[in-house]
Amino acid sequence: MIQCKDLRKNFDSHEVLKGISFDIPKGSIFGLLGPSGAGKTTLIKILMGQLAYDEGKVEIMDKNPEKLTGKDKKNFGIMMDNFGVYERFSCRDNLSVFADIYNVPKSRINGILDEVGLLDASKTQASDLSKGMRARLQLARTFMNSPEIIFLDEPTSGLDPQTMRGIHKIILEKKKNGATIFLTTHNMDEAYKLCDNIALLNEGKIVEAGTPKDICRRYDHQKKIKLHLQTGEDVEMERNGESADEISELLKSGKVETIHSTEPTLETVFLELTGRKLQEEE
Ligand SMILES: Nc1ncnc2c1ncn2[C@@H]1O[C@H](COP(=O)(O)OP(=O)(O)O)[C@@H](O)[C@H]1O
Ligand SMILES: [Mg+2]
């Protein structure tokens, strides 16, 4: 659905994207992970045809994004910063404006408000919404035109974990209905949970890509099993046949409280690859 090969983009003499390649199959969620300034938003703007690129090949729905027509773009949904929120309008009126622009029947509005959990707040003015509700309104707007491709630029940035989970549920529902989703985030848990494929972007280069699980497995250098016992003791064993009896004994004795493999998290992988943290300490 979306393909990129050796994509390069400069702002004056500053090369922001330095040869990006990926392929996003229809109906999947692709996550672009990277710290602030990595080039995530720039890439989204290029894919949507809002920004020209310098080199490489980019295709979205089999077209060069620079050649997309207004009609093609009606297949896109985009959530980015505060894009498209009219502060002095109610939730319903916000969506109503959008329905007019995109020629979507107003009868859809209630259903969409319900889908994102905002039906009760339909008359609330956008400026009075909590951060989480505002994110939901932006999602509602993004979904109004039933887009085939959805771009979500840091959709849960700054939200609390519970609100975040609510939004994840809505995103997964869209995937279930067949949408192709391009998501950027600097939250590795989010990426791990939602994405079929991810790419780690650092300073304009993809430093690793694959399914979240495969990436973590690839960087499991220790290949150990960690057991935490009820006594408070931590035991580490090699992950091989020789440890099997010992682990089995411990499990049978009922002393084992938790058991883990030493697979790293995406955050640890990113740190190893770049020496940088994905997410700033809060
Ligand atoms: N319109 C622009 N003109 C010049 N530089 C830009 C412009 N947009 C983004 N940049 C630069 O490109 C880099 C990547 O920015 P961006 O794509 O917004 O990163 P991210 O979304 O990952 O935080 C940054 O160094 C930023 O300053
Ligand atoms: Mg950005």
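Only a predicted model underlies this, so the values are computations on that prediction, with no experimental measurement involved. All residue numbers refer to position in the chain's written sequence, counted from 1. Ligands are numbered from 1 and chains lettered from A, in the order in which they are written. Reporting of local features is limited, given that this is a predicted model, to residues whose pLDDT is at least 70; pairs of side-chain atoms are given and counted only at 80 or more, and all residues count toward the totals for whole chains, interfaces and linings. Values shown for side chains rest on all heavy atoms present in the structure; no hydrogens or waters enter the calculation.

Chemist: Got a minute to help me understand the packing of aromatic side chains in this structure?
Modeler: Aromatic ring pairs are described here by two measures, namely the spacing of the ring centres and the angle between the planes. The criterion for an aromatic pair is that two Phe, Tyr or Trp rings (for Trp, the six-membered ring) have centres within 6.5 Å, with stacked assigned to planes under 30 degrees apart, edge-to-face to planes over 60 apart and tilted to the rest. Counted by the stated rule, this structure contains seven aromatic pairs. On the numbers, 5.6 Å between centres and 90 degrees between planes, the contact of Phe76 with Phe151 is edge-to-face. Taken together, the positions of Phe76 in strand S5 (residues 76-80) and Phe151 in strand S6 (residues 149-153) put the pair 75 residues apart, joining distant regions of the chain. Judged on exposure class, the residue Phe76 and its partner Phe151 are both buried. When the ring of Tyr86 is compared with that of Phe89, the centres are 5.6 Å apart and the planes differ by 35 degrees; the resulting orientation is tilted. Site record: aromatic cluster; members linked through ring pairs are Phe22, Phe30, Phe76, Phe151 and Phe182. Lysine and arginine charges are scored as sitting over a ring when NZ or CZ, respectively, is within 6 Å of the ring centre and within 35 degrees of the ring normal. Taking NZ or CZ as reference, Lys174 lies 4.6 Å from the ring centre of Phe143, over its face. Secondary structure is summarised from DSSP: a helix means a run of H or I of at least four residues, a strand means a run of E of at least two, and numbering begins at the N terminus for each. Between buried and exposed lies partly exposed: a residue is buried under 20% and exposed over 50% of the maximum accessible area for its type, with that area taken using a 1.4 Å probe on protein chains only.

Chemist: Quick question: what am I supposed to make of the sheet that holds strand S11 (residues 234-238) here?
Modeler: The strands making up a sheet associate through backbone hydrogen bonding, with each pair oriented either parallel or antiparallel. Taken together, three strands build an open sheet; the order of strands is S11-S10-S12 and the sheet is antiparallel. Two strands lie at the open edges of the sheet, namely S11 and strand S12 (256-261), each paired on one side alone. On average, each strand axis in the sheet is inclined to that of its neighbour by 20 degrees, with strand direction left out of account. Bridge count for strand S10 (residues 224-229) against S12 is five bridges, and the pairing is antiparallel. Looking across to S12, one finds that Leu229 is bridged to Val256. Most of the contacts of helix H9 (residues 241-253) go to S11, to which it runs at about 150 degrees, and overall it touches S10, S11 and S12. Criterion used throughout: strands pair if DSSP finds at least two bridges between them. To get an axis, a line is fitted to the C-alpha atoms, and for a helix only the part in contact is used. The angle between two axes follows their N-to-C directions and goes from 0 to 180 degrees. Two residues form a contact once any of their heavy atoms are found within 4.5 Å.

Chemist: When you look at the packing of helix H3 (residues 91-102) against helix H5 (residues 131-143) in this model, what are you seeing that I'm missing?
Modeler: When two helices pack together, their arrangement is given by the angle between the helix axes and by the axis-to-axis distance. Remark: H3 packs on H5, axes separated minimally by 10 Å, with the N-to-C direction vectors making an angle of 25 degrees. One element, H3, and the other, H5, form an angle in the roughly parallel class. Once H3 is placed against H5, the crossing between them reads as right-handed. Contact residues: Cys91, Asn94, Leu95 and Phe98 in H3; Leu137, Ala140 and Arg141 in H5. Gly is placed with the polar residues, together with every amino acid not listed as nonpolar (Ala, Val, Leu, Ile, Met, Phe, Trp, Tyr, Cys and Pro) or charged (Asp, Glu, Lys and Arg). Its residues assigned to classes, the contact of H3 with H5 shows five nonpolar, one polar and one charged. Orientation categories follow fixed angle ranges, with anything under 35 degrees roughly parallel, anything over 145 roughly antiparallel, 65 to 115 roughly perpendicular, and all other angles oblique. We call a crossing left-handed when the near helix sits turned anticlockwise from the far one by less than a right angle, and right-handed when that turn is clockwise.

Chemist: For this particular structure, what's the right way to read the environment of Phe98?
Modeler: Note that Phe98 resides in helix H3. Note on Phe98: relative accessible area 5%, which makes it buried. Taking C-alpha positions, Phe98 is 24 Å from Lys176, a pair spaced 78 residues apart along the chain. Contact partners of Phe98, with chain neighbours within four places excluded, come to Arg141, Met144 and Asn145.

Chemist: It is not clear to me how the site of ligand 1 should be interpreted in this structure. Could you clarify?
Modeler: Summary of the distance rule: residues count as near a molecule or strand when at least one heavy atom falls within 4 Å of that molecule or strand. The immediate surroundings of ligand 1 are formed by Phe11, His14, Val16, Pro35, Ser36, Gly37, Ala38, Gly39, Lys40, Thr41 and Thr42. One of the backbone nitrogen or oxygen atoms of Lys40 is found 2.8 Å away from an oxygen atom of ligand 1. Only the protein chains shown count as covering a residue, and every accessible area follows the Shrake-Rupley method with a 1.4 Å probe. Look at ligand 1: alone it shows 560 Å² of surface, and the protein chains cover 58% of it. Breaking the shell around ligand 1 down by element, the ones donating at least two residues are strand S2 (14-24) and helix H1 (40-47). The leading source of residues in the shell around ligand 1 is H1, at three residues. As used in this structure description, the phrase polar contact means that two N or O atoms lie within 3.5 Å; if the pair is within protein, one of them must be able to donate a hydrogen and the other to accept it, and residues adjacent in sequence are counted only when both atoms belong to side chains.

Chemist: How should I be thinking about the sheet that holds S2 in this particular structure?
Modeler: Taken together, three strands build an open sheet; the order of strands is S2-S1-S4 and the sheet is antiparallel. The strands lining the two open edges of the sheet, one partner per strand, are S2 and strand S4 (55-60). Going across the sheet, the axis of each strand differs from the next one's by a mean of 25 degrees, ignoring polarity. Pairing geometry for strand S1 (residues 2-11) and S4, over five bridges, is antiparallel. Looking at the pairing, Lys5 lines up with Lys57 of S4. Against the sheet, H1 contacts S1, S2 and S4, and its axis sits at roughly 115 degrees relative to S1.

Chemist: Looking at this structure, I do not really get the packing of H3 against helix H4 (residues 108-115). What am I missing?
Modeler: For the pair H3 and H4, interaxial distance at closest approach is 10 Å and the crossing angle is 125 degrees. As summarised for this structure, H3 and H4 are arranged oblique, according to the angle between their axes. Classified by chirality, the crossing of H4 by H3 is right-handed. For the pair H3 and H4, contact is made by Cys91, Arg92, Leu95 and Ser96 and by Ile109, Asn110, Ile112 and Leu113, respectively.

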